[in-house]
Each structure stands twice: as structure tokens, then as C-alpha cells.
Amino acid sequence: MPYISVIRMKEITEDVFYIGVNDHETDLFEGLWPIPEGVSYNSYLVKGEEKVAIIDLVKILFVDEFLTNIEKKVNFDQIDYIVMNHIEPDHSGSLLRLLEKAPQATIICSKKAKGMLNDFYKVTDNIVVVGEGDELDLGGRKLVFYMDPLVHWPETMLTYDNKDQILFSCDAFGSYKALDIGIFDDEVNPDEYYEETIRYFSNIVAKYVKYVQKAMAKLTDLPIKMIAPSHGIVWRANPQRIIDLYVDLAARKAQPGVAIIYGSMYGNTKNVVEYVAEGVKEAGVPVTILDFSRHHLSYLLKESWQNKGVILGIPTYDGGPFLGASYYLHLMKRKNLRERIVGFFGSSLWSGRALLQASEQLKELDWEIVEPLLEFRGAATEEVLQQAKELGKKIGEMTKE
Ligand code: FEO
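These numbers come from a predicted model, not from an experiment.

### Brief notes about the packing of helix 5 (residues 190-205) against helix 9 (residues 297-306)
At their nearest, the axes of helix 5 and helix 9 sit 8 Å apart, and the two run at 100° to each other. It follows that helix 5 is roughly perpendicular to helix 9 by the angle criterion. Contacts between helix 5 and helix 9 pair Glu195, Ile198, Arg199, Phe201, Ser202 and Asn203 from the former with Ser298, Tyr299, Leu301, Lys302, Trp305 and Gln306 from the latter.

Structure (C-alpha cells):
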């Protein structure tokens, strides 16, 4: 698919500008997570009556485009501050090149970020450390800083513009999917970014939900007109929608619905899937079907985070769970996804242990195991197929409770 991005520098309010870039070249975010529709690295330029600040930078790969965006609005010698909400290189990679152009700029960051600037870039001078609630006066507007540790790294913070009431939230509220058509939720189909926000959250931020909850609590009393993350769209028309989503995601709150995830070597486990799905549909809740071998873990994780029910089709392989399922079970533990309702089915070939092993692993995460573990030798009989349908319906019903 060819990409023609129409976004360069763009006005957000009279004195706040989008100066970010789109990445359609990286195939795996963090070297792990597929981004078939790219990703944006959002950067913002904020002009006060006296001072100019840039908030978050972009990946080094796109530094030339980034510097060009800046020059469309200010000369480099006019930049007073570089606010570094987060030091992960997708937001800091172009720092040294920017400092070459704007050596007078003071870096504003958290205490932990200061150490990381030395670790990553050997930058030690002209840094001002800020803490919770500290303010930076730009003249006629202030930037206020809120510490946001572990959303996504320990040094992360949020920046709030008190004049236009914009929250520059860095990774929080961010999504995959580049900004090819527009930067605001009212310029694009926000549902597409909403889905990619869930995938981004489950892949990148989910491990730290406890800290996301703390961050959400801080924002409760803050008047917010716009949320401007460092990936994905600026929520201008309906910022509450993305705040509500984040509150639910951080609480691991899922929707009624079932993700059926299966693997199959010879079709015996696969043949049962449609019966399970039929049962779920009879319960009247949404059903999604994914394949351990053909869908990336990124999507399996997203659907498992989003749906209250998960039904796993796991054949026995080498005396244990099918390999794709083993990776999945490991990932659930790494991401600490808790409290789902789960059922199992799968062909055991000649000796079955896969379903028992898998259920034991998920019990540790407080997943509710729904009996029976529907393990069958070779191909499913008519009786097994009917049991599979009943299992789907039962779990579908349970997700509504
Ligand atoms: Fe988008 Fe944690 O960096």
C-alpha cells in the first residue's frame, strides 16, 4: 500500500503546533509488535508570549523531516525549552541533532530522566529537573508537570498546558497507526485508532496497569480539553472517550464477548472451532476467532485483554500444549492479564496433557476455568462437537454476568 502523508506541521490551537512524523518504514515496534499501518511519533511546539517549548521528539530515523517541521514555525535559536516526557528513543532519538541546531535550549525532565540522558546520549548540561506539580512559565501560559512513572518507563512524566488545557500524555492514550489523513479524532475515523489504542496498551503499557491507575486518578480533577499523546491522534472532539477507555483497560475491565484462539496441525482441533463459535453466537455476544500460528501474539493479547471470555483450542504437541499456545500462555503471565473466563478444547492425538497443563498456568492468574476440559483423541466425535457448542454458549453467557 503506498503512503502519501498529508501531515507536516499543523496548528492545534493558535500557539500550539503538531510537528511530529509518520513511520511507515519500521515493521515491528520495539522489534516485537507488528505495525502494518505504521505509527506516528508526535511532537508539539508550544509558544508562550515570551518562551518557546518543544514537547517530546521523534525517532532518529526521521530527524530531518522533524527539523524541517520545526523550522516552519520558529528559528532554532528561538527554542527555549525541550520538554522530555520520556527517554525511550522513539521520543528522544533526535535530541542530539536538535541540540546541534538549538544548543541554547534547556532540557526539562524528571530526575530519573536526567540520569538516562547521560546513559543514552551523554547529555549532562543545561538540564532542569522538575517534580510533581512544578510549573514552567512560557508567558501567558504555563506548562505543569505530573510524574507518571512506569507509563511507560520509570522516568516518564505528563505535561499539561494550563492555557489551552491540553494534556501532552506521551505513551499514555497512544496508539499504533500513522496519521496519514489527519491528526484529530474529528478528522479521521476514531474507531480505527480506538482499536489500535487497545492493542498498543495491551502490548506496551499493560504490564504496568497499577501505575496507569495511579496516573488516571491524578487526572480526575484536571480540566482537559484535548489529549495529545506522542503516538496516534489528538483527542479534541471527545477526549473523555479515550480517558474512559484507559480507566477500563487499567482495571482490566473487559467487554462481554469471547475470543476463540486455536492451533491445529491436521485440522482436528480446527474442525471444532465453528461449533464453539456457534455456541458463543447463541449466547448473543461478539466472537472473534484467531489462530495461534497465523495471528501475531500482539493481536492475541489485544483480544484477550478486550474480551471477558477466552476459549483456547490447544492440541497436544510434544506431550504439552501446541507451541503457539505455549508462547501465548507465557505472554499472559508476562503481561499479568488476570481474571478472564476460559474454556479449552483440543485434539490429544494419543496422549493428552495439554489442556490440563494450560489450565494450571492460567489458574495462577486467577482465570476462571470452565469445565469440561474438552480433550479428545484424534478427530472429534459428534458428541464432542455438541459439547463444544455447549461450552461456547456457556462461556458466552458467563461473560454477560
Ligand atoms: Fe513511545 Fe515508551 O515510548
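### Re the environment of Leu138
Mapped onto the elements, Leu138 comes out in the loop between strand 12 (135-137) and strand 13 (142-147). According to the relative accessible area criterion, Leu138 is buried, its value standing at 0%. Sequence separation between Leu138 and Asp80 is 58 residues, and the spatial gap between their C-alpha atoms is 9.1 Å. With sequence-adjacent residues up to four places away left out, Leu138 is seen in contact with Val46, Gly48, Glu49, Glu50, Lys51, Ala53, Tyr81 and Leu143.

### Observations regarding the domain arrangement of the chain
It is common to give the size of an interface as the accessible area lost on bringing the parts into contact. Taken domain by domain, the chain comprises domain 1 (10-250) and domain 2 (255-399). Centre-to-centre, using C-alpha coordinates, domain 1 lies 38 Å away from domain 2. Contact with domain 1, which involves 14 residues of that partner, is made by ten residues of domain 2. Here domain 1 packs against domain 2, burying approximately 1200 Å² in sum over the two surfaces, 60% of which is carbon and sulfur. Inspection of the domain 1/domain 2 interface yields one salt bridge.

About the cut-offs
- Residues numbered from 1 in each chain as written.
- Predicted model: local features only at pLDDT ≥ 70, side-chain atom pairs only at ≥ 80, totals over all residues.
- Heavy atoms only, no water.
- Axes fitted to C-alpha atoms, helices over the stretch in contact; angles between N-to-C directions.
- Helix = DSSP H or I, 4+ residues; strand = E, 2+ residues; numbered from the N terminus.
- Parallel < 35°, antiparallel > 145°, perpendicular 65-115°, else oblique.
- Contact = heavy atoms within 4.5 Å.
- Buried < 20%, exposed > 50% of the residue type's maximum accessible area, 1.4 Å probe, protein only.
- Domains from an automatic or database assignment.
- Buried area = accessible area lost by both parts, 1.4 Å probe.
- Salt bridge = Lys/Arg side-chain N within 4 Å of Asp/Glu carboxyl O.

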